[in-house]
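Chain residues, written in single-letter form:
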Amino acid sequence: MKTESKKFWWWALAGGATFGGLYILARVFDFVSPTEGVALLMGKRVLHRERAAGVDARLNTFLDWWEQHGPFTVMVGVDGGTRSIADQARLYAQGRTTPGPHAGKPGYPPLGETVTNAQTAVASAHGHASAVDLWPVINGKIYLNVKDPMQRAKYDQLGATIEAHGLKWGGRFIVKGEPFYDGPHAETPDWRNAPLVA
């Protein structure tokens, strides 16, 4: 379906359907929630900005810029802003000692995929309120699969913009001497100097 057609249907549903109709559309097509769909219809370029509350001012400046000029919509991830010590420990356990994404699905480890390589908040820019994770949202669909070439291209575009704003992008991470692609991640270059989140 052409982009224009998709936009028409979002507008038609928002104008003529009930909230329940939006909910059904979101669930059937694995799109954003009805509330997020309404935000998209209103022209929002940064969804769930509240999840970035308390992050470094440079990241907020970037989000402000993206809201005005971003080439597509992004969503701040559920744990995509600041993280406490307990938050980071919970995320580090996912895919290691507790179920993570894709747990129990064919082609994945029994506990699923890991979520983060940072074992503690001290070792994570999120633990210093100096990082934000952003997921592209294209035609109402949240792009979560960085292995898909079309989705990865959007993360690469996001990453180039992150770097153009003087921030560090997770798509260029090196972990244990190997490239590690964390496409959604943006952080301040000096995050290790920032205080730990209380």
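The rules behind the values
Sequence order sets the numbering: in each chain, residues are counted from 1 along the sequence as written. Local features in a predicted model are, by the rule used here, given only for residues with pLDDT of at least 70; side-chain atom pairs are given and counted only at 80 or more, and totals for whole chains, interfaces and linings are based on all residues. Note that the side-chain values use all heavy atoms of the structure and ignore hydrogens as well as water. Each patch groups residues whose relative accessible area exceeds 30% and which form no salt bridge, using 9 Å between like charges and 5 Å between nonpolar side chains of Val, Leu, Ile, Met, Phe, Trp and Tyr. Surface exposure here means Shrake-Rupley accessible area, sampled with a 1.4 Å probe, where a residue is shielded only by the protein chains that are shown. Here, a salt bridge means any side-chain nitrogen of Lys or Arg that lies within 4 Å of a carboxyl oxygen of Asp or Glu. Helix and strand assignments come from DSSP, with helices taken as H or I runs of at least 4 residues and strands as E runs of at least 2, each series counted from the N terminus. Only protein chains enter the calculation, and the probe is 1.4 Å; a residue is then buried if its accessible area is under 20% of its type maximum, exposed if over 50%, and partly exposed in between. For Phe, Tyr and Trp, where Trp contributes only its six-membered ring, two rings pair if their centres lie within 6.5 Å, and the inter-plane angle classes them as stacked under 30 degrees, edge-to-face over 60, or tilted in between. Lysine and arginine charges are scored as sitting over a ring when NZ or CZ, respectively, is within 6 Å of the ring centre and within 35 degrees of the ring normal. For this analysis, a nonpolar core means a set of buried residues of the types Ala, Val, Leu, Ile, Met, Phe, Trp, Tyr and Cys, connected via side-chain atoms within 4.5 Å. Whether two residues are in contact is decided by their heavy atoms: any pair within 4.5 Å suffices. At least two DSSP bridges between two strands are needed for those strands to be called paired. Given a helix with a known number of residues, its expected span is that number minus one, times 1.5 Å. For the purposes of these results, a polar contact is taken to be a pair of N or O atoms within 3.5 Å, where, inside protein, one atom must be able to donate a hydrogen and its partner to accept one; residues adjacent in sequence count only when each atom of the pair is a side-chain atom.

(A) Focus on a nonpolar patch on the surface. Together, Ile85, Val122 and Leu196 make up an exposed nonpolar region whose accessible area comes to about 270 Å². Along the chain, Leu196 turns up in the segment after β8 (185-187). We classify Leu196 as partly exposed; its relative accessible area is 34%.

(B) Spotlight on the packing of aromatic side chains. For the coordinates displayed, the defined rule picks out five aromatic pairs. For the ring pair Phe62 and Trp66, a centre distance of 5.8 Å and an interplane angle of 50° mean the geometry is tilted. Separated by four residues within a single helix, Phe62 and Trp66 lie in helix α4 (residues 57-69), roughly one turn from each other. Since its relative accessible area comes to 1%, Phe62 is described here as buried. Both rings, one in Trp66 and one in Phe72, keep their centres 5.2 Å apart while their planes meet at 75°; by these two values the pair is edge-to-face. Comparing Trp66 with Phe72 shows no difference in burial state: the two are buried. Taken together, the ring pairs in this structure connect Phe62, Trp65, Trp66 and Phe72 into an aromatic cluster. A cation over a ring is seen here: Arg96 above Tyr92, with NZ or CZ 3.8 Å from the ring centre. A cation sits over an aromatic face here: Arg152 above Tyr181, 3.5 Å from the ring centre.

(C) The nonpolar core, seen in detail. Core analysis: the largest hydrophobic core is formed by 21 residues, its most contacted members being Phe62, Trp66, Val74, Val132, Leu134, Leu158 and Ile162. Of all the elements in the fold, those that place two or more residues in this core are α4, β2 (73-76), β3 (131-138) and α6 (149-164). Looking at this core element by element, the count peaks at four residues for α4. With residues up to four places along the chain from it excluded, the contact list for Phe62 reads Leu134, Leu158, Thr161, Ile162, His165 and Leu167.

(D) Region of the structure containing the pairing of β3. Along β3, seven of the eight residues are buried, which leaves the element largely enclosed by surrounding structure. As paired elements, β2 and β3 share four bridges and run antiparallel to each other. Across the sheet, the residue bridging to Val74 is Pro136, located in β3. Pairing geometry for β3 and β8, over three bridges, is antiparallel. Across the sheet, the residue bridging to Val132 is Ala186, located in β8. Two strands pair when backbone bridges link them, and β3 and strand β4 (residues 141-142) are joined in this way by two bridges, in the antiparallel orientation. Residue pairing for β4: Ile138 is matched across the bridge by Lys141. Taking the residues between adjacent antiparallel strands as the criterion, β3 and β4 are bridged by two residues, where Asn139 takes a positive phi near 50°.

(E) Expanded view of helix α5 (residues 85-93). Listed as buried for α5 are Gln88, Leu91 and Ala93. Taken from the residues just after α5, Gly95 is the one with a positive phi, measuring 85°.

(F) Region of interest: α6. Relative to the 22 Å expected for 16 residues at 1.5 Å per residue, α6 spans 22 Å between its end C-alpha atoms, a close match to the ideal helical length. Looking at the packing, one finds that the buried side of α6 touches α4, β2, β3, β5 (168-169) and β8. Sitting at the head of α6, Asp148 places a side-chain oxygen 3.0 Å from the backbone nitrogen of Met150. Positioned one or two residues after α6, Gly166 has a phi angle of 80°, which is positive.

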